[in-house]
Amino acid sequence: ANAAARLRLWGDASEDGEAPGTPIGQVFEDPGIRHRLDGLREEAGAGGVHSLHARLRDLRDGFWAAVSARRIRIGQQAFVLVVASDITEMRALTE
């Protein structure tokens, strides 16, 4: 996670690049989405998640995000790359 994401989601903006002990799927309120993201970590052939709107937990009240995720490989190690854009204000305007 980048520094802004670590600070907002976990209250930790350390430089080591690691989120402090919380799998990324756990920041999603919907258990189905958590399960899909956990599946990306486990399955080599998993396709990914594209432009999904989801509610995320943070240290405040949570927020809505447009989320895309895909399993990637760097060297011999597999990662899940997640891109999330805050759409809370957009949702409030359209509801």
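Provided above is the structure to which this section pertains.
An account of the accompanying structure is given in this report. (Residues numbered from 1 in each chain as written. Predicted model: local features only at pLDDT ≥ 70, side-chain atom pairs only at ≥ 80, totals over all residues. Heavy atoms only, no water.)

**So, the overall build of the chain**
Just so we agree on the cut-off: In this text, helices come from DSSP runs of H or I with a minimum length of four residues, and strands from runs of E with a minimum of two, each type numbered from the N-terminal end. With a 1.4 Å probe rolled over the protein chains alone, any residue whose accessible area is under 20% of its type maximum counts as buried; one over 50% counts as exposed, and the rest are partly exposed. In what follows, residue pairs with any heavy atoms lying within 4.5 Å of each other are defined as contacts. Methods summary: accessible areas were calculated by the Shrake-Rupley approach with a probe of 1.4 Å, and residue burial reflects only the protein chains presented.
Each helix and strand in the chain was counted, giving three helices and three strands. The secondary structure elements of the chain, listed N-terminal to C-terminal, are α-α-β-β-β-α. In the chain, which comprises 95 residues, the share counted as buried stands at 24%. Restricting to contacts in the chain with at least 6 residues of sequence separation, those with at least 24 account for 31%. Accessible area of the chain: about 6300 Å², with a carbon and sulfur share of 51%.

**A word on the environment of Arg57**
As for its position among the elements, Arg57 is in the loop between strand E1 (49–56) and strand E2 (63–74). Classification of Arg57 as partly exposed rests on a relative accessible area of 36%. Residues Arg57 and Phe28, 29 residues apart in the sequence, show an inter-C-alpha distance of 6.1 Å.

**A look at the sheet that holds E2**
The strands that make up a sheet are held in pairs by hydrogen bonds between backbone atoms, and each pair lies either parallel or antiparallel. Let me state the cut-off plainly: One requirement defines pairing of two strands: DSSP has to find at least two bridges between them. In this description, a line fitted to the C-alpha atoms serves as the axis of each element, helices being fitted only across the stretch in contact, and the angle between N-to-C directions of two axes falls anywhere from 0 to 180 degrees.
Strands sit in the order E1-E2-E3 across an open sheet of three strands; the sheet is antiparallel. Strands at the two margins of the open sheet, each flanked by one partner only, are E1 and strand E3 (77–86). Averaged over all adjacent pairs, the angle separating strand axes in this sheet is 35 degrees, with direction ignored. Inspection of the sheet shows E2 paired to E3 by 10 bridges, in the antiparallel sense. What sits directly across from Ala66, in E3, is Ser85.

**Focus: the nonpolar core**
The line we're drawing: Here, nonpolar core means buried Ala, Val, Leu, Ile, Met, Phe, Trp, Tyr and Cys residues that are tied together by side-chain atoms lying within 4.5 Å of each other.
Counting 13 residues, the largest nonpolar core has Phe28, Leu37 and Leu56 as its most contacted members. Residue assignment for this core shows that the elements contributing at least two residues are helix H2 (31–42), E1 and E2. The dominant element in this core, judged by the number of residues it contributes, is E2, at four residues. In this view, Leu56 contacts Val27, Phe28, Glu29, Gly62, Phe63, Ala65 and Val67; residues no more than four positions away in its chain are not counted.

Honestly, that's just the spatial picture; any functional story needs more than this.
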